[in-house]
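# Overview (structure and organization)
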Amino acid sequence: MMQEKQNDAAVSNIIGTIILFGFAIALLVVFQVTAVPVWNQNTEFEHSQRVQGDIGKLHDNIVLSSTTGRSTTQSVELGTQYTRRALFINPTDPSGSVSTLEPGTVALRNVRSGDGDVRDYLDGTTKEFDTRAFRYRPRYNEFANAPTVFMDNMVLYNQVRDNQARLTTQNVVSDRNINLNLLTGNISRSGVRPTSVNIDPVSAPSEVISVSNSTLGPVEIELPTNLDEDRWLSALENERVENGGHVETVSYTENEEAYNTLTLGLESGVEYNLRMSKIGVGEIDERQQAHYIVNKGYDIMNVATDSSERIDVEVRDRYNNPVSGVDVNTDLQGDGNLETIRSVTDAEGVASFRYQAPSTAGTAGLNLSIGTEARERVNVAIDTTSGGGGGGTGEFNLDQGRDSGVRLTGVSSLRSPQSSVAQITFQNDGAPRDILEAQFIFFYDNSPGGDTPRNLRLNNGGTNIPVRGEATTLGTPITLTSGTNSVDFRFRPSNVGSPAPVSEQDFALFRLEFSDGSRSTYMVQLNPTS
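It should be emphasised that the depicted structure is a prediction, and the values quoted were computed from it without experimental measurement.

## Some thoughts on the overall build of the protein
Of regular secondary structure, the protein possesses three helices and 35 strands. The buried share of the protein, reckoned over its 530 residues, is 49%. Contacts in the protein between residues far apart in sequence, at least 24 positions, make up 70% of those at least 6 positions apart. Carbon and sulfur atoms make up 45% of the accessible area of the protein, which amounts to about 24400 Å² in all.

If you want it as structure tokens, here you go:
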């Protein structure tokens, strides 16, 4: 009997142990399926906060690179690791990926510079540039509502399914500033461990260019974007005209392509500060290239005999930023000599030369170029006089019509690719008046050796105006009505009976005197503008 009781007790202990063990197993299972996912979700949430901070720092470093021109790197914590816990099993550690998306097109419309050399490039026609968006995408096991982080036109935002939340303000338009920080490069990386993203400027630091709208309409900025319309409207609220800003219109078009289109129309009659940069992330698929050249000094120089003046030009890319290592070609015609200080542009994009004036008074024309397009050439007219000098516009007082109110607006035609007649347009801002006198000061011939123009006739008049001569009274005055007027400039060689062909790379310097007593001096590149 005692033996049976002992056996029953032993069995009870075993059963109790089994029950306790089963309870422990059940408890572990409950923790595995309930607590562990919560713990891991918290780990993923904390990682999501950190990686958003990493992308924020990446954004800030891109902006810094655009202003300083310096390269840098930014670490991005792609994924994270769960805490290792005894008795519990974790899924695969969460990972993430960073990538640049396919290029989209940024367009600038009706943007015109007031600087003559820059205007050869920013002339009001549409300019297009490509840019990319940047994306971080997490791959979590538990955090179902984890956001994907985007950098879109330098605006950071989170996206969860179809819901977006903007993280930063926009800086495309800020008061009178237009800031276009464009992205290029290819990057596609995924994993758990942190990765370093290289940030390298293609075109930076960004230069400030003063621009305004052209006669064709207001300045328009077209951006490729996937940030939704409502988020853009809220981001631009303070920049609207009714709130003291300069954004008049905002339109948003949904496309079937990779990006939608945001178009901003800016207030007309305002001078804006345009800054552009191109920054590469990852592997860069673009290199900086020279696009146009500007004269950093005077278009016309008054130099004393037996003295010299320095001439600096700057070579810029499509984003209006300086380009180093570019050869600048020169061609001097007329009196004096040119000394090369530096013909290859330096880190600031500048090439330098020195003009040495002759011992006697005279005139000269200097062409500096990096190509054959109008934007790739600048011209300097040089007047050498006895005494005086000092590098300014001197006796010429080149004003392009500002003093008289008869402004030179362009060359409407050469009648053909090479012709002896240039139709030059003027805008008469005052009452009707006549051209009474004309002086043909200088002509630069891009292809000397043939019938270089040595004489000029206006319209069909018979009065011959010799180059480098005194002011000549026209036999028949030319009447200019209020508004736009066209005058034919007929070029002749030494033999005034035959035509002298001119080309788009030539330039002329002349002075006109009007019946109201005003006069102006003009320099015109014989490149049709319409």
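## A look at the side chain of Thr463
Among the secondary structure elements, Thr463 is positioned in the loop between β30 (455-458) and β31 (465-466). In this structure the side chain of Thr463 is engaged in a polar contact, spanning 2.7 Å, whose partner is the backbone nitrogen of Gly475. With residues near it in sequence (within four places) discarded, Thr463 still touches Leu456, Arg457, Thr472, Thr473, Leu474 and Gly475.

## Details of the pattern of salt bridges
Counted under the stated rule, the structure contains 16 salt bridges. Notably, a salt bridge pairs Arg316 with Glu314, separated by 3.0 Å at the nearest N-O pair. Residue classification places Arg316 among the buried residues on the basis of a relative accessible area of 12%. Between Arg375 and Glu376 there is a salt bridge; the shortest N-O distance is 3.7 Å. Here the residues in one salt-bridge network are Arg109, Glu220 and Glu222, joined through shared partners.

## A word on the packing of aromatic side chains
Here the structure, examined in full by the defined rule, presents 13 aromatic pairs. Taking 4.8 Å as the distance between ring centres and 55° as the angle between the ring planes, the aromatic pair formed by Phe489 and Phe510 counts as tilted. Taken as a pair, Phe489 in strand β33 (residues 483-492) and Phe510 in strand β34 (residues 507-514) lie far apart in primary sequence, 21 residues in all. For Phe489, a relative accessible area of 2% puts it in the buried group.

## Here we look at the environment of Gly191
Residue position: Gly191 is located in strand β12 (residues 188-191). Excluding residues within four positions of it along the chain, Gly191 makes contact with Leu78, Gly79, Ser95 and Gly96.

## Notes on the nonpolar core
With 38 residues, the main nonpolar core has Leu180 and Ile221 as its most contacted residues. Beyond its immediate sequence surroundings of up to four residues, Ile221 is in contact with Ala107, Leu108, Val172, Val173, Ile178, Leu180, Leu262, Thr263, Leu264 and Leu266. Counting residues in hydrophobic clusters, the runner-up holds 29 residues, among them Val411, Phe426, Phe443 and Phe514.

## Overview of the environment of Glu248
Residue placement: Glu248 occurs in strand β16 (residues 247-253). Once the C-alpha coordinates of Glu248 and Gly265 are considered, the two residues, 17 residues apart in sequence, prove to be 5.6 Å apart. Those residues within four positions of Glu248 in sequence are excluded, and the remaining contacts are Arg240, Val241, Gly265, Leu266 and Glu267.

## Topic: the sheet that holds β31
One open sheet accounts for five strands, arranged β27-β28-β33-β30-β31; its pairing is antiparallel. Each having just a single partner strand, β27 (406-413) and β31 make up the two edges of the open sheet. Judged from the two bridges that link them, β30 and β31 form a sheet pairing that is antiparallel. Directly across from Asn455, in β31, lies its bridge partner Pro466.

## Regarding the sheet that holds strand β2 (residues 95-100)
With antiparallel pairing, the six strands of this open sheet are ordered in space as β9-β8-β7-β6-β2-β12. The open sheet is flanked by β9 (163-166) and β12, the only strands paired with a single partner. Averaged over all pairs of adjacent strands, the angle between their axes in this sheet comes to 15°, without regard to strand direction. Note: strand β7 (residues 148-152) against strand β8 (residues 155-160), five bridges, orientation antiparallel. Within the sheet, the bridge partner assigned to Phe150 lies in β8 and is Tyr157.

## Things to note about unusual backbone geometry
A cis amide bond links Ala204 with the next residue in sequence, Pro205, at an omega value of 0°. Its place among the elements puts Pro205 in the loop between β13 (194-203) and β14 (209-213). Positive phi is not limited to glycine here, since Asn110 has a value of about 60°. Residue class for Asn110 comes out buried when judged on its relative accessible area of 12%. The phi dihedral of Arg161 falls on the positive side, at around 55°, and the residue is not glycine. Topologically, Arg161 is positioned in the loop between β8 and β9.

## A look at the side chain of His246
Along the polypeptide, His246 turns up in the loop between α3 (229-235) and β16. If sequence neighbours within four positions are ignored, His246 has contacts with Asp175, Arg176, Glu239, Arg240, Val241, Gly265, Leu266, Glu267, Val270 and Tyr272.

Each value, and the rule that gives it
Residues numbered from 1 in each chain as written. Predicted model: local features only at pLDDT ≥ 70, side-chain atom pairs only at ≥ 80, totals over all residues. Heavy atoms only, no water. Helix = DSSP H or I, 4+ residues; strand = E, 2+ residues; numbered from the N terminus. Buried < 20%, exposed > 50% of the residue type's maximum accessible area, 1.4 Å probe, protein only. Contact = heavy atoms within 4.5 Å. Areas by Shrake-Rupley, 256 points an atom, 1.4 Å probe, with all protein chains shown as cover. Polar contact = N/O pair within 3.5 Å; in protein donor to acceptor, adjacent residues only side chain to side chain. Salt bridge = Lys/Arg side-chain N within 4 Å of Asp/Glu carboxyl O. Phe/Tyr/Trp six-rings, centres within 6.5 Å; stacked < 30°, edge-to-face > 60°. Core = buried A, V, L, I, M, F, W, Y, C linked by side-chain atoms within 4.5 Å. Pairing = 2+ DSSP bridges. Axes fitted to C-alpha atoms, helices over the stretch in contact; angles between N-to-C directions.

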